Amino acid sequence: RTFATVKKFPFMMDDREFVNRIIWKLEEGKTMIAFESVDNKADYGVSLRTTRGWMRGFWLIEDLPLRGRAKQCRVTFVSQLDAGGVI
C-alpha cells in the first residue's frame, strides 16, 4: 500500500511531504513492517507548498517468552530520513 502525509514545519519553512510504500509480513512470533519513499504523486484536493522528503526503514516486533502471566515483545526500529530542501 502507498500512504502520503504532510508534516508541518515551523514558520518560514516549507512543510514536508512524504509518500511511502509500506509492506508487512506476519510470521510465527514476529511481525515485520518495511517502508520506503516512492515517486508517486499524491492528490490532496488542494494546492500545497511542500518539499518532498525521503525515508526508508523497518520495524521488527518479536514475541518474547511469557514472564509470569505478562506478555512481552521486543521492538526494533531502524530508519533513514532526508527532510529535503534546506533546514
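Relevant structure appears above.
Residues numbered from 1 in each chain as written. Predicted model: local features only at pLDDT ≥ 70, side-chain atom pairs only at ≥ 80, totals over all residues. Heavy atoms only, no water.

1. As for unusual backbone geometry
In step 1: Phi is positive for M12, close to 75°, though the residue is something other than glycine.
In step 2: As for its placement among the helices and strands, M12 is situated in the loop between β1 (2-7) and β2 (15-27). (Helix = DSSP H or I, 4+ residues; strand = E, 2+ residues; numbered from the N terminus.)

2. A few points about the pairing of strand β5 (residues 54-67)
In step 1: Alignment of strand β3 (residues 30-37) against β5, held across seven bridges, turns out to be antiparallel. Note that in β5 the partner of F35 across the bridge is G57.
In step 2: Linking two consecutive strands that pair antiparallel, namely β5 and strand β6 (residues 70-82), is a turn of two residues; a positive phi of about 70° is found at G68 within it. (Pairing = 2+ DSSP bridges.)

3. Details of the pairing of β2
In step 1: Both β1 and β2 contribute to a ladder of six bridges, which runs antiparallel. Bridge pairing in β2 places A4 opposite V19.
In step 2: As defined by bridge partners, β2 adjoins strand β4 (residues 50-52) across three bridges and the pair is classed as parallel. Along β4, the bridge assignment pairs D15 with T50.
In step 3: Where β2 and β3 come together, eight bridges link them in antiparallel fashion. Paired with W24 across the two strands is I33, which belongs to β3.
In step 4: Counting the residues that bridge the hairpin from β2 to β3 gives two residues, and of these G29 lies at a positive phi of roughly 80°.

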